[in-house]
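# Commentary on secondary and tertiary structure
If you want the building blocks of each chain, they are given just below.
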Amino acid sequence: MLVILSGLPGTGKTTLGRALAEETGAVHVRIDSIEQALKRSSLRLDPVEDAGYAAGMALAEDNLRLGHSVIADSVNPLEVTRKAWRAVAERAGVPHADVEIVCSDGAEHRARVETRVSDIEGLVQPKWADVEARHYEPWTDPRILIDTAGREPGACLAELRTKLPL
């Protein structure tokens, strides 16, 4: 199964993605890690454009074909990228689940963005103004919606697990 996590920075995607991967043994493919590696590489790609997503999708497909479940962790703000992730699952012959992570409390979301520290060497976290200005297309397809506002990660993970056909 391919679990496609989407949502703005600071909503809790990586926290939930890691926890779900630890619990299920799934492969966690984090686009931030891939993009930062591309920037640090000898190619010095910056901006990376779609290269991080392309690499992540290739890794995900390889692992799905090996029989592993994969958790794809990215902002995934565009319908075109959402469709591309679904196509990865189709090509690999596995089911997928679209999951949007949100933090409906604006003050809490802002505090998360402004206080978090990167765990990826060299990754510059976005400022709140960057998050607010980010182009994020509304969803038109069904998805699992997890609101992390005012909730502990364990409760969010438990809700996600009940909604996923893993």
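Figured I'd write up the structure that's included with this text.

### Description of unusual backbone geometry
- With a phi close to 55°, Asn-76 is a non-glycine residue in the positive phi region.
- Checked against the element boundaries, Asn-76 lands in the loop between strand 3 (70–73) and helix 4 (79–92).
- Overall, Asn-76 belongs to the buried group, its relative accessible area being 0%.

### Looking at the environment of His-109
- Summarising the element assignment, His-109 is placed in helix 5 (residues 106–115).
- With relative accessibility at 6%, the residue His-109 sits in the buried group.
- When the C-alpha positions of His-109 and Gly-52 are compared, they lie 25 Å apart, and in sequence the two are 57 residues distant.
- Beyond its immediate chain neighbours, meaning those up to four positions away, His-109 contacts Leu-8, Pro-9, Gly-10, Thr-11, Cys-103, Trp-128 and Val-131.
- Here the side chain of His-109 touches Pro-9 through a polar contact of 2.7 Å, landing on its backbone oxygen.

### Observations regarding the pattern of salt bridges
- All told, the structure shown has 14 salt bridges when counted by the stated rule.
- Residues Arg-86 and Glu-79 are paired through a salt bridge, measuring 3.2 Å at the closest nitrogen-oxygen approach. The pair formed by Arg-86 and Glu-79 is uniform in burial state, with each residue classed as buried.
- Salt-bridge contacts for Arg-112 lead to Glu-108; the nearest nitrogen and oxygen are separated by 2.7 Å.

Conventions used here
Residue numbering note: each chain is counted from 1, following its sequence as written. Where totals are concerned, whole chains, interfaces and linings use all residues; where local detail is concerned, this predicted model gives features only for residues with pLDDT of at least 70, and gives and counts side-chain atom pairs only at 80 or more. Side-chain calculation: all heavy atoms of the structure are included, whereas hydrogens and water are not. Each helix is a run of DSSP H or I of at least 4 residues and each strand a run of E of at least 2, with the numbering of both proceeding from the N terminus. Burial classes: relative accessible area under 20% of the type maximum marks a residue as buried, over 50% as exposed, and values in between as partly exposed (1.4 Å probe, protein chains only). Whether two residues touch is decided by their heavy atoms; if any such pair falls within 4.5 Å, the residues are in contact. As used in this structure description, the phrase polar contact means that two N or O atoms lie within 3.5 Å; if the pair is within protein, one of them must be able to donate a hydrogen and the other to accept it, and residues adjacent in sequence are counted only when both atoms belong to side chains. For this analysis, a salt bridge means a side-chain nitrogen from Lys or Arg found within 4 Å of a carboxyl oxygen belonging to Asp or Glu.

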